[in-house]
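Descriptive structure summary
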Amino acid sequence: MPHPLLGTTSIDEHPRQFLSGIGTVFEEFGASTQDSGNISYGIQIDEERFFVKTAGDPDDPEPFLNHADRAALLRNAALLSRSCEHPALPDLHHVMNSPVGPMLVYEWLDGELLGAPRSLRDDPQSAHQRFRRLPAAQIERCLDQIYELHRDLARIGWVTVDFYDGCLIYDFSSGRLGVVDLDLYREGPFRNDIGRMFGSSRFMAPEEFAAGSMIDKQTNVFVMGRAAAVFLSDGTPRLTSSAQSHSEGLCA
Ligand SMILES: Nc1ncnc2c1ncn2[C@@H]1O[C@H](COP(=O)(O)OP(=O)(O)OP(=O)(O)O)[C@@H](O)[C@H]1O
Ligand SMILES: [Mg+2]
């Protein structure tokens with residue numbers, strides 16, 4: 001008997017309805033957590049979990065990108081996933097059609113997202129700060145994974161767009177790092193035709209702010225360097241007042 005999810009090529013119902021009928025939807029990522037307009041689902045069927053990503057509601061007027069553009073980005077994400085195999089990249093098991101566009105069925109990654117809204121990023125209990133407090137060698141192992149993946153992607157022409165800590169899922173118990181949401185990566189080089197591009201400025205290269213600039217492999221390198229700076233340096237202003245006066249004394 002075909003698998004209820006992986007063996008289906010097209011559905012007539014809404015994805016939520018379909019998924020609820022074949023398994024347990026244990027998580028939904030929509031407007032309350034994402035600003036993309038996409039809606040994604042965590043679904044469990046028997047013992048196996050999947051992450052199913054859709055372009056969301058075609059009539060939602062809120063998102064920056066319209067539904068057709070969001071659906072096109074999901075197709076781009078499928079192209080990227082199929083072009084590269086790397087342990088940090090979740091497997092794309094299947095793509096199916098629905099009345100609201102493509103549904104991408106990925107391997108479910110256990111772990112916590114390393115990105116956090118600015119208001120929570122400095123919270124010592126956030127995954128972002130717990131990750132930064134790991135032994136440097138462990139953080140370096142994760143950076144190696146990220147760099148190896150991006151070297152592989154760059155070799156086949158993919159240029160980073162909108163890579164940031166919100167693309168990283170880290171499992172603190174197994175030490176596995178996953179890289180997700182590479183939907184905006186583009187086959188490069190290409191010219192920046194919008195000025196400030198999508199992305200978190202903490203991770204962006206200067207050319208991503210300047211219309212007319214070339215976005216290419218060097219952009220990848222800058223973004224990768226920013227990842228090291230964010231996770232390994234003491235760049236976050238976390239000095240206590242006594243540490244601050246001490247460091248000011250040292251600089252004096
Ligand atoms: N394979 C996966 N397994 C488990 N959780 C995942 C997986 N991929 C993504 N997630 C979780 O789902 C959330 C939404 O996924 P994703 O970032 O791909 O969606 P998006 O709609 O493009 O979001 P954004 O608005 O940040 O662009 C992620 O922030 C992450 O917490
Ligand atoms: Mg996204």
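The preceding data block contains the structure.
Here's what I pulled together on the structure shown here. Along each chain, residue indices are assigned from 1 in the same order as the chain's sequence is written. Ligands are numbered from 1 and chains lettered from A, in the order in which they are written. Per-residue local features are limited, in this predicted model, to residues with pLDDT of at least 70; the limit for side-chain atom pairs, both in listing and counting, is 80 or more; totals at the level of whole chains, interfaces and linings are taken over all residues. Note that water and hydrogens are dropped before the side-chain values are worked out from all heavy atoms of the structure.

1. Notes on the coordination of the magnesium ion (ligand 2)
Each protein donor to the magnesium ion (ligand 2) is listed here as Asp181 (OD) and Asp181 (OD); together their distances run 2.3 to 2.4 Å. Counting through the fold element by element, Asp181 comes out in the loop between strand 9 (177–179) and strand 10 (186–187). The rule for donors is simple: N, O or S, within 2.8 Å of the metal, or within 3.2 Å if the metal is Na, K or Ca. Water isn't counted, so a site may look like it is missing partners. The helix and strand labels rest on DSSP assignments: H or I over at least four residues marks a helix, E over at least two residues marks a strand, and numbering proceeds from the N terminus.

2. Here's the deal with a nonpolar patch on the surface
On the surface, a cluster of nonpolar side chains totalling about 350 Å² of accessible area is made up of Phe64, Ile194 and Phe198. Structurally, Phe198 can be placed in the loop between strand 11 (190–191) and strand 12 (214–215). What makes a patch is a set of residues exposed beyond 30% relative accessible area and free of salt bridges, joined within 9 Å when like-charged and within 5 Å when nonpolar (Val, Leu, Ile, Met, Phe, Trp, Tyr). All accessible-area figures derive from a Shrake-Rupley calculation using a 1.4 Å probe, and residue coverage is judged against the displayed protein chains alone. A side-chain nitrogen of Lys or Arg and a carboxyl oxygen of Asp or Glu constitute a salt bridge if their distance falls within 4 Å.

3. With respect to the nonpolar core
Among soluble globular proteins, nonpolar side chains are generally buried collectively. Grouping buried Ala, Val, Leu, Ile, Met, Phe, Trp, Tyr and Cys residues that are joined through side-chain atoms within 4.5 Å yields what is termed a nonpolar core. For every residue, the accessible area (1.4 Å probe, protein chains only) is compared with the maximum for its type, and the residue is labelled buried under 20%, exposed over 50%, or partly exposed between those bounds. Ranked by size, the top nonpolar core spans 29 residues in total, and within it Phe163 and Val179 carry the most contacts. Secondary structure elements with two or more residues in this core: helix 4 (127–132), helix 5 (136–155), strand 8 (168–170), strand 9 and helix 6 (217–232). It is helix 5 that contributes the most residues to this core, six residues altogether. Listed in part, the 13 residues of the second largest apolar core include Leu5, Ile39, Val52 and Met103.

4. A look at the site of ligand 1
Note on terminology: near, applied to a residue and a molecule or strand, indicates that one of the residue's heavy atoms is within 4 Å of it. In the vicinity of ligand 1 there are 15 residues, among which Gln34, Ser36, Lys53, Glu107 and Leu109 approach most closely. Two N or O atoms count as a polar contact when they lie within 3.5 Å, although within protein this holds only if one can serve as hydrogen donor and the other as acceptor, and sequence-adjacent residues are included solely when both atoms are side-chain atoms. Within the contact set of ligand 1, an oxygen atom lies 2.5 Å away from a side-chain nitrogen or oxygen of Ser36. Backbone polar atom of Glu107 to a nitrogen atom of ligand 1: 3.0 Å apart, as the coordinates give it. If ligand 1 stood free it would expose 620 Å²; the protein chains cover 91% of that surface. The class makeup of the residues in the shell around ligand 1 is eight nonpolar, three polar and four charged. When residue character is reported, Ala, Val, Leu, Ile, Met, Phe, Trp, Tyr, Cys and Pro are called nonpolar, Asp, Glu, Lys and Arg charged, and the others, Gly included, polar.

5. Things to note about the sheet that holds strand 9
DSSP calls a pair of strands paired once it identifies at least 2 bridges connecting them. The strand order across the open sheet built from three strands is 6-8-9, with neighbouring strands paired in antiparallel fashion. For this open sheet the edge positions go to strand 6 (112–113) and strand 9, each flanked by a neighbour on one side alone. In this sheet, strand 9 lies alongside strand 8 in antiparallel orientation, the contact comprising three bridges. Bridging from a neighbouring strand, Tyr170 pairs with Leu177 of strand 9. A contact between two residues is defined here by any heavy atoms of the two lying within 4.5 Å. Comment: axis = line fitted to C-alpha atoms, over the contacting stretch for helices; angle = value between 0 and 180 degrees taken between N-to-C directions. Lying over the sheet, helix 5 contacts strand 8 and strand 9, oriented at roughly 30° with respect to strand 9.

6. Let's talk about the pattern of salt bridges
If you walk through the whole model with that rule in mind, you get seven salt bridges. Of the charged contacts in the structure, one is a salt bridge between Glu107 and Arg176, with a shortest N-O distance of 2.9 Å. Note that Glu107 is positioned in strand 5 (residues 101–107) and Arg176 in the loop between strand 8 and strand 9, a separation of 69 residues in sequence. A salt bridge links Asp152 to Arg151, with the nearest nitrogen and oxygen atoms 3.1 Å apart. Given a relative accessible area of 41%, Arg151 falls into the partly exposed group. It is possible to trace a salt-bridge network through shared partners that takes in Lys53, Asp181 and Asp183.

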